[in-house]
Amino acid sequence: MNEDTRQPTVFMMDLWATVPYYTAYLSKALLAKSVDVTVGSISYYLDPECFSSRGIKLDPGLMDVVGRFRLPRLPRRVLKLLESLLNLAALSVRFVVSPPDIVHVQFLPMLTQRLPFDLWFVLLCQRRGSKIVLTVHDLLPHNSGLSHKQTFHDLYQMVDRIICHSDSVRERLAQEFAVPLEKVSVIAHGPFFYDLPVTPEQILQSFALDPRKLLVLWQGIISPYKGIDLLLEAWQHVEATTEQPHLLIAGTGSPQLLEQIREQIRRLNLQRVELHPRFISAEELVALYRAADIVVYPYRAITTSGALATGLALCKTIVASDLPVFRELLTDKENALLVDPQDSRALANALIELSQDARLRARLAENVRSMNFGEESWLSIAAKTIECYKFVQGL
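What you see is a predicted model, and the numbers here were worked out from it, not measured in a lab. (Residues numbered from 1 in each chain as written. Predicted model: local features only at pLDDT ≥ 70, side-chain atom pairs only at ≥ 80, totals over all residues. Heavy atoms only, no water.)

1. Some details on helix H3 (residues 117-127)
Listed as buried for H3 are Asp118, Leu119, Phe121, Val122 and Cys125. Down the axis of H3, the smallest arc covering the buried residues is 155°, so these residues share one side. Where H3 is buried, its residues contact strand S1 (9-13), helix H2 (73-97), strand S3 (102-105), strand S4 (131-135) and helix H4 (149-158). Phi for Gly129, located one or two positions after H3, is positive at around 110°. (Buried < 20%, exposed > 50% of the residue type's maximum accessible area, 1.4 Å probe, protein only. Helix = DSSP H or I, 4+ residues; strand = E, 2+ residues; numbered from the N terminus. Arc of directions from axis to C-beta. Contact = heavy atoms within 4.5 Å.)

2. Let's talk about the sheet that holds S4
Strand order in the open sheet formed by six strands is S2-S1-S3-S4-S5-S6, with parallel pairing between adjacent strands. Of all strands in the sheet, those bounded by a partner on one side alone are strand S2 (36-40) and strand S6 (184-186). Mean inter-strand twist for the sheet, computed between neighbouring axes without regard to direction, equals 20°. (Pairing = 2+ DSSP bridges. Axes fitted to C-alpha atoms, helices over the stretch in contact; angles between N-to-C directions.)

3. Considerations on the packing of aromatic side chains
This structure, assessed with the given rule, holds 19 aromatic pairs. Across the ring face of Tyr45, the terminal group of Arg76 is positioned such that the distance to the ring centre comes to 3.9 Å. In this structure, Arg161 packs its charged tip against the face of Phe391, placed 4.4 Å from the ring centre. (Phe/Tyr/Trp six-rings, centres within 6.5 Å; stacked < 30°, edge-to-face > 60°. Lys NZ or Arg CZ within 6 Å of the ring centre and 35° of its normal.)

4. Topic: the side chain of Thr135
One can find Thr135 in strand S4. Residue Thr135 is classed as buried on the basis of its relative accessible area of 3%. Setting aside residues up to four positions removed in sequence, Thr135 forms contacts with Tyr22, His104, Val105, Gln106, Ile163 and His165.

5. Focus: the sheet that holds strand S8 (residues 246-250)
Within a sheet, neighbouring strands are paired by backbone hydrogen bonds and run either parallel or antiparallel to one another. Pairing is parallel in the open sheet, where six strands are placed in the order S9-S8-S7-S10-S11-S12. Each edge of the sheet is formed by a strand with only one pairing partner; in this case those strands are strand S9 (273-276) and strand S12 (337-339). With strand direction ignored, the average angle separating the axes of adjacent strands in the sheet is 20°. Note: strand S10 (residues 294-297) against strand S11 (residues 318-321), three bridges, orientation parallel. Bridged to Val296 within S11 is Val319. The strands touched by helix H11 (residues 344-356) are strand S7 (215-219), S10, S11 and S12; relative to S12, the strand with the most contacts, the crossing angle is about 165°.

Rendered as structure tokens:
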């Protein structure tokens, strides 16, 4: 095979399975394009079949034990750190001898710690001749302010190529981190869970949903930037205006945040809100999305959103904050309703309008369906990623 047509060897690096579904779907698409991909990750402890169900064999370095068991948070994190250090040591020895052409970094969980072993591993690979491609899922860690800005500035300068998911993030990399625009490739975020089969109705029994009631869904990892407090303020107006819709909030979060949500529900005397503060399996998630009449994303800020990608893949009626990243996929009154991310009354009005207008819900959902946000999206993403690999190799 000629050098200019040879597919590179790629080490897909997500050692702690921090973004497992993104890593899995991208790797599957690259394998379908005949790229020689090794997925450096442990099993995802909340979904041990995340990778294997998509035909991916993991190679974390030495061992993959911790991710196969449900353990309490503290011992899991301690054991995962120890396992990761052993894996990094094994990978370092291997790559000193035979480095991959590309190390595609999805996440560096130790980057902001005093001993960033994963960053040092990446630097070792770079010195041995590997090109480093970094996918930026978050410009900075959420809810951390600017405390790690210099660390991420240095990382963005060090890597050979950056992939981000929107033009607005590319502009921010240039303006806030002095990254040359020509160093950044914009490749859209792909959808999740479109490939899962229709789940039986009994999987929803634990949520006690009433199929006669219109369902509004918020789902994800609970965090302040995702605007649940704004949503609950809006919901007070919804309940005062219309009797039909029910709101379901489903996802994990810190005990402090969960208690704040419960307290806000009590204080506002909300009667049609259900809170399910636990991990939602992939099968449950798909069932919830399919059962929902409206899905809502009231985020204050966002770099990218796998949750939105899921809503698009499953062809839902969407209400979202009017943010630059969302505007690259959503157009107000065409395939979603977009609202000011600081205006709870505007959010309430959008939810009320949709709850009272079935034809509008159907039209927005049909326009989402026409986007064809499924398997072909990932194959297109894989093709653009391959071009990125070839660029850094000078091919």
